[in-house]
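Coordinates in review
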Amino acid sequence: MPHPADPFAPAVQVAHTWLRAIAEALETEDLTFAHRAMRAWMHTVRDRISVASSAHLSAQLPELLRGVYYEGWMPGHVPVRHGLGEFVGQFTRISGVDADDVGSVAGAVTAALSDLFSAGQLDRVFAGLPLRLYEVLCGARPEVAAISDEDLPRADADQVTALHDRVRALGDAVAALAHGLEQLPTDTADPNRAASAAQEAHRILLTEGLIPVSTQKG
């Protein structure tokens, strides 16, 4: 009796495609090193962004890499301090590279992932990071001797993320309503369709906290 096709094979193939893209950006054929570099990038970034930003970023990752992203993640403890010292230290521990090489390695991973994620995704994530962290993630050599934990963020991560998520949620809610209310002159009126659209819009707004809990019906 023939065995069925491996149900995990497609997920493995996609993960390998991403890993090879990162290895190519790092100019190495060592996939183990590429995996360490990718993991270091994922964990240092995810620990410094909000839970909502992590949800949006990880949603675009291949299934297997999503597990790597969330390995050891503690949502109640993020975002951690934005100091460059902690960032470089965490990256070196995970990747195994020297502190002086963190910029070039992180920058190569960023370049590869920028092509793999949807356009503008990393720009939105990086918007809430301090300037010097942003520069290192884009390939700058970290000035370890001058590292200070008093780096000021370019923008408040939570505020930027919250604003982006609310705008997106409002757009989704309007789109849901518009779709439900679309009706040609020759169509028969369907009140159930409009009600369903209103419920979907309500769900979207409720999920993003744009509707106070007190307004929910019991």
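Scope of this entry: the structure provided in the associated data block.

**Quick look at a nonpolar patch on the surface**
A contiguous nonpolar patch, built from Phe8, Val12 and Leu64 and spanning about 270 Å² of accessible area, is present on the exposed surface. Within the fold, valine 12 resides in helix α1 (residues 9–25).

**Here's the deal with the environment of arginine 39**
Take arginine 39: it is sitting in helix α2 (residues 31–46). Arginine 39 sits 29 residues away from valine 68 along the chain, and the two C-alpha atoms are 6.7 Å apart. Dropping the residues within four chain positions of it, arginine 39 is found in contact with Val68, Glu71 and Ile94.

**Here's the deal with helix α4 (residues 63–70)**
Within the sequence span of α4, burial applies to Leu65, Val68 and Tyr69. Take α4 and look down its axis: the buried residues cluster within an arc of 100°, on one side only. Where α4 is buried, its residues touch α1, α2 and α3 (51–58).

**Considering the packing of α2 against helix α6 (residues 102–116)**
Where α2 meets α6, the closest approach of the two axes is 10 Å, and the angle between their N-to-C directions is 85°. Classed by the angle they form, the pair α2 and α6 counts as roughly perpendicular. Judged by residue contacts, Phe33, Ala37, Met38 and Trp41 of α2 engage Val105, Ala106, Val109, Thr110 and Leu113 from α6. Residue composition of the contact of α2 with α6, by class: eight nonpolar, one polar and no charged.

About the thresholds
- All residue numbers refer to positions counted from 1 along the written sequence of the respective chain.
- Only residues with pLDDT of at least 70 get local features here, since the model is predicted, and only at 80 or more are side-chain atom pairs given and counted; chain-wide, interface and lining totals rely on the full set of residues.
- As a rule here, side-chain values come from all non-hydrogen atoms in the structure, and water together with hydrogens is ignored.
- Surface patches are drawn from residues lacking salt bridges whose relative accessible area is over 30%; two like charges belong together within 9 Å, two nonpolar side chains (Val, Leu, Ile, Met, Phe, Trp, Tyr) within 5 Å.
- The accessible surface values rely on the Shrake-Rupley method and a 1.4 Å probe; as for residues, cover is taken only from the protein chains in view.
- We define a salt bridge as a contact between a side-chain nitrogen of Lys or Arg and a carboxyl oxygen of Asp or Glu at a distance within 4 Å.
- A run of H or I in DSSP becomes a helix once it reaches four residues, and a run of E becomes a strand once it reaches two; helices and strands are each numbered from the N terminus.
- Between two residues, a contact is recorded if the distance between any of their heavy atoms is within 4.5 Å.
- Type-normalised accessible area, obtained with a 1.4 Å probe on protein chains alone, sets the label of each residue: buried when under 20%, exposed when over 50%, and partly exposed for intermediate values.
- Picture the helix axis, draw a direction to every C-beta atom, and the arc is the one those directions span.
- In this analysis, axes come from line fits to C-alpha atoms, helices being fitted only over the stretch in contact, and the angle between any two N-to-C directions falls in the range 0 to 180 degrees.
- An angle below 35 degrees is read as roughly parallel, one above 145 as roughly antiparallel, one from 65 to 115 as roughly perpendicular, and any other as oblique.
- Amino acids outside the nonpolar list (Ala, Val, Leu, Ile, Met, Phe, Trp, Tyr, Cys, Pro) and the charged list (Asp, Glu, Lys, Arg) are all regarded as polar, and Gly is one of them.

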